[in-house]
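Close look at the chain arrangement
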Amino acid sequence: MIEVIDLHKAFGTVKAVDGVTFIARDGEITGLLGPNGAGKTTTLRMLYTLMKPDSGQVLVDGVDAAVDPIAVRRGLGVLPDARGLYKRLTARENIEYFARLHGIETQLMHQRREKLVEALEMRDILDRRTEGFSQGQRVKTAIARALVHDPKNVILDEPTNGLDVMATRGLRAFMRNLKAEGRCVLFSSHIMQEVAMLCDRIVVIASGRVVADESPDALRAQTGEANLEDAFVKLIGSEEGLAA
Amino acid sequence: MSAMLTVWWKEVRENLRDKRTVFSALIYGPLIGPVMFVVIMNVLVGHEMKKAEGPLKVPVIGAEHAPNLIGTLKQWGLVPQPPVADPDKAVRDRDADAVLRIPADYGKAWSKGEPVQVEVIFDASQQNSGTPTKRLESMLKRYSQEQGALRLLARGLSPSIAAPIVVSERDQSTPQSRAGMALSFLPYFFVIAVYIGGMYLAIDLTAGERERQSLEPLFANPVARWRILAGKLGAICSFSLASLILTAVGFSIAGHVMPAEKLGMVFDLGPGFIADAILLELPLIAVFAVLETLVAAFAKSYREAQTYLGLLMIIPIIPSMMMGFLPVKPAHWMYGIPLLGQQIGISDLLRGNPVSAGDIGIALVCGFALALVIGVGTALVYRSERLAISA
């Protein structure tokens, strides 16, 4: 479970995150929805302790990120906005590097890797160097790398960005699977349909603030719009940054 | 396997797959010194041998006024060349190393027994002119002394009357020390090998990772950043150590193929030299690794880091230049100054003087202390939020 309480973060005079509060529960998919530049990536970066909030608190499974950042990172699987694979290493070596950094035993590492390779259908690219990978192959490798330590909480920053239809469908099935395994899945997106289809809960962010935190049905009811896209536009007050 | 070792092994393996890094760290860096050494020494030897033993070709103006003098000088190796119209211009333009001018009244003055003035025209700022001018002058001096002695004998006096002081020269330099003087540039190549050996890794592991946006996922792992930094520094040190060992071995091999004995020089570049030289340079490996990483952490891109580190390469030249232009008497405290200590230490080893364990100890302690100070600074920069964010 991930709890975020009144986070603030400013870069100079720009308030990137200005009072964000929400809870992402285990066994649920929580969507962080907002237009580009709304503060989604900055919020997520504070969750996985890459950035320190100016104020506010982050709790992952009850552990305060400010107190024990290493324990927090151990409980998280993170796909950052920047995928950042090592292009001179193969997909297998990329995955095993992160497994070693988590201190996973060799045998367990092989088991976990095999499971992820099956689930993500990436057998054919496993022993190729990642230089020249397609966007979809890169995302698969980065996700396998991020989840090799079997984390209870999964954070995915715009996971379907740049993927084609087939790859997107595959990724959605994978995320539902993570939910079925009882994990807490938190992902950011600016695509309405995707969030509507996947999420148990939607946290809408605009200009660094939470403007709604509901289930998709409740969101439609709250705004009086049958269509989620219209509901979203109404919430953030403009059509700026909407790329469906 | 601990996190530090994991990072170290990944970086070493990844960079061994990069042709540019391998070429500069393990081929270009270590070989440039020994190759330059062999080339320069061969040119130097060839040049000096030719000057010292070959026929001395000097334009002579007014040779017809002193046939006896010219005849004797010819026996000693002079090959008179046709006179030149403007001797000053000839030596300035390096058409001649030196010009000898004999005045028209030479014969008249000689028969009266009066001193005769002959002129040797040369340009001391031309390095080439040194040896020929010296040879010509010593021939003239010898001729003058012999003729003077004959004149004294003709008057029934002992020639020793005209020589109240006899100078006997005793050169205290040994063949090794002469070799060392000729090679004051050599320690610089050791430093450069260490510097270049780690440079591309330092750039790649910090500025490069940042540019490729792989620092962010790396820092999301449950490993303290200083451990990641330590692993990366370890990889940089491994490459520069490899470069240093290759350089030392390269010089050792070069020392065997050198025509040094022709110059009266002896190089003792055996295993003892290799071991001492590597030991002396060890702290520089650490100093450069942290310094290069620190600089690379400030750069926003690979290219920017490359530019900064290229400029920084000037620093190690300073002690070599200083020792070359202002020969200072080495003192023990100098071993405490990184770079300077390595410069005088390696120069001493080349001269065949052993460097004491105490001096090596001072160099090691002070060098590693400096590396530690810079290292703490680098670790602080590594903790900053700014470092991981590429976009």
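Above: the structure in question.
This report concerns the structure included in the present document. (Residues numbered from 1 in each chain as written. Chains lettered and ligands numbered in written order. Predicted model: local features only at pLDDT ≥ 70, side-chain atom pairs only at ≥ 80, totals over all residues. Heavy atoms only, no water.)

1. Remarks on the sheet that holds strand β5 (residues 63–64) of chain A
Residue and element names in this part refer to chain A. Selection criterion: In this description, strands pair whenever DSSP reports at least two bridges between them. The numbering of helices and of strands both runs from the N terminus, where a helix is a DSSP run of H or I of at least 4 residues and a strand a run of E of at least 2. Whether two residues touch is decided by their heavy atoms; if any such pair falls within 4.5 Å, the residues are in contact. In this description, a line fitted to the C-alpha atoms serves as the axis of each element, helices being fitted only across the stretch in contact, and the angle between N-to-C directions of two axes falls anywhere from 0 to 180 degrees.
Read from one edge of the open sheet, four strands run β2-β1-β4-β5, paired in antiparallel fashion. Only two strands of the sheet have a single neighbouring strand rather than two, namely β2 (14–24) and β5. Where strand β1 (residues 2–11) and β2 come together, eight bridges link them in antiparallel fashion. Counterpart to Glu3 in the pairing with β2 is Ile23. Each of β1, β2 and β4 (55–60) is contacted by helix α1 (residues 40–47), which is oriented at about 120° to β1, the strand it contacts most.

2. Topic: the packing of helix α11 (residues 271–298) of chain B against helix α14 (residues 340–350) of chain B
All names here are of chain B. Formally: Working rule for angles: under 35 degrees goes down as roughly parallel, over 145 as roughly antiparallel, 65 to 115 as roughly perpendicular, anything else as oblique.
Closest axis-to-axis distance for the α11/α14 pair is 10 Å, and the angle between their directions is 180°. The angle between the axes of α11 and α14 places the two elements in the roughly antiparallel class. Side by side, α11 and α14 meet where Phe273, Asp276, Ala277, Leu280, Glu281, Pro283 and Leu284 of the first sit next to Gln342, Gly345, Ile346, Leu349 and Leu350 of the second.

3. Brief notes about empty space enclosed by the protein
Under the convention used in this document: The method works on a 1 Å grid over the protein atoms by themselves. A cavity is a set of points holding a 1.4 Å probe that cannot get out, a pocket is an open set with protein on both sides within 12 Å along at least five of seven lines, and residues with an atom within 4 Å of a point line them. Grid points are joined across faces, edges and corners, and a volume is the space filled by probe spheres set on the points. Classification convention: Asp, Glu, Lys, Arg as charged; Ala, Val, Leu, Ile, Met, Phe, Trp, Tyr, Cys, Pro as nonpolar; all other residues, Gly among them, as polar.
In this structure the tally under the stated criterion is two cavities of 30 Å³ or more. Lining the largest cavity are 14 residues, and of these Val78, Phe98 and Ala146 of chain A together with Pro217 and Ala220 of chain B lie nearest its centre. Counting only elements with at least two residues in the lining of the largest cavity, the list comes to β6 (76–79) and α5 (135–147) of chain A. When its residues are assigned to classes, the lining of the largest cavity shows nine nonpolar, three polar and two charged. Roughly 40 Å³ of internal volume is contained in the second largest cavity. What lines the second largest cavity is simply Pro187, Tyr188, Val191, Pro316, Pro319, Ser320, Leu339, Gln342 and Gln343 of chain B.

4. Focus on a nonpolar patch on the surface
Where we set the bar: Patch definition: residues with relative accessible area over 30% and no salt bridge; like charges joined within 9 Å; nonpolar side chains (Val, Leu, Ile, Met, Phe, Trp, Tyr) joined within 5 Å. All accessible-area figures derive from a Shrake-Rupley calculation using a 1.4 Å probe, and residue coverage is judged against the displayed protein chains alone. Note on definitions: salt bridges are taken to be side-chain nitrogens of Lys or Arg within 4 Å of carboxyl oxygens of Asp or Glu.
A cluster of nonpolar residues, Phe23, Ile27, Tyr28, Leu31, Val35, Val39 and Val43 of chain B, forms a patch on the protein surface that exposes about 640 Å² of accessible area. The residue Tyr28 of chain B is located in helix α2 (residues 19–53) in this model.

5. Overview of the pattern of salt bridges
Residues and elements named next belong to chain A. For clarity, the cut-off: Partly exposed describes any residue whose relative accessible area lies between the buried limit of under 20% and the exposed limit of over 50%, with all areas from a 1.4 Å probe on protein chains only and scaled to the type maximum.
Enumeration according to the criterion identifies 27 salt bridges over all chains in this entry. Ionic pairing is found between Arg209 and Asp18, a salt bridge with its closest N-O pair at 3.3 Å. Residue Arg209 is found in strand β10 (residues 209–214), and its partner Asp18 is found in strand β2; the two are separated by 191 residues along the sequence. Exposure remark for Arg209: the relative accessible area of 45% places this residue in the partly exposed category.

6. Let's talk about the packing of helix α8 (residues 186–211) of chain B against helix α10 (residues 225–256) of chain B
Residues and elements named next belong to chain B. Quick reminder of the rule: Note on convention: the crossing is left-handed when the near helix lies turned anticlockwise from the far helix by less than a right angle, right-handed when the turn is clockwise.
In the contact formed by α8 and α10, the axes pass within 8 Å of each other and the chain directions differ by 155°. It follows that α8 is roughly antiparallel to α10 by the angle criterion. The hand of the α8/α10 crossing is right-handed. Mapping the contact onto sequence places Leu186, Phe189, Phe190, Ala193, Val194, Gly197, Gly198, Leu201, Ala202, Leu205 and Glu209 in α8 and Lys232, Ala235, Ile236, Phe239, Ser240, Ser243, Leu244, Thr247, Ala248 and Phe251 in α10. Within the contact of α8 with α10, the residues separate by chemical class into 14 nonpolar, five polar and two charged.

7. Brief notes about the interface of chain B and chain A
Put simply, the rule reads: Summed over both partners, buried area is the accessible surface (1.4 Å probe) that two parts give up on being assembled.
Opposite the 29 residues of chain B that make contact, chain A presents 27 residues. Carbon and sulfur atoms make up 57% of the surface buried where chain B meets chain A, a total of about 2800 Å² over both sides. At the boundary of chain B and chain A, one finds six salt bridges. Between Arg17 of chain B and Glu93 of chain A there is a salt bridge, with its nearest N and O atoms 2.8 Å apart.

8. Observations regarding the layout of surface pockets
The gaps of empty space that remain are located by a probe, the size of a water molecule, rolled over the atoms. Looking at the largest pocket, its volume works out to about 550 Å³. Lining the largest pocket are 21 residues, with Thr49, Lys52, Pro69 and Arg73 of chain A together with Arg383 of chain B positioned closest to its centre. At the level of secondary structure, the elements contributing two or more residues to the lining of the largest pocket comprise β4 and α2 (69–74) of chain A together with α10 of chain B. Its residues placed into classes, the lining of the largest pocket shows twelve nonpolar, three polar and six charged.

9. Comments concerning helix α8 (residues 216–223) of chain A
Residues and elements named next belong to chain A. Counted only if it meets this: As used here, the arc is the angular range of directions from the helix axis to the C-beta atoms.
By the burial criterion, the buried members of α8 are Pro216, Leu219 and Thr223. Projected onto a plane normal to the axis of α8, the buried residues spread over an arc of 55° and lie on a single side. Exposed and facing more than 90 degrees away from the buried side of α8 are Asp217 and Ala221. Buried positions along α8 lie against α7 (192–198), β9 (201–206), β10 and α9 (228–236). Of the residues trailing α8, Gly224 is marked for its positive phi of about 75°.

10. What about the packing of aromatic side chains?
Residues and elements named next belong to chain B. The condition is simple: Under the pairing criterion, centres of Phe, Tyr and Trp rings, with the six-membered ring standing for Trp, must be within 6.5 Å; the plane angle then separates stacked pairs below 30 degrees from edge-to-face pairs above 60, leaving the rest tilted.
Taken as a whole and judged by the stated rule, the model has twelve aromatic pairs over all chains. Here the aromatic rings of Trp110 and Tyr143 are separated by 6.2 Å at their centres, their planes lie at 25°, and the arrangement is stacked. Separated by 33 residues along the polypeptide, Trp110 in helix α5 (residues 106–112) and Tyr143 in helix α6 (residues 130–154) bring together distant segments of the chain. A ring pair is formed by Phe190 and Phe273, whose centres lie 6.2 Å apart and whose planes are at 75°; its orientation type is edge-to-face. One end of the pair, Phe190, is in helix α8; the other, Phe273, is in helix α11, with 83 residues separating them in the sequence.

The quantities given are spatial measurements derived from coordinates; they are silent on function.
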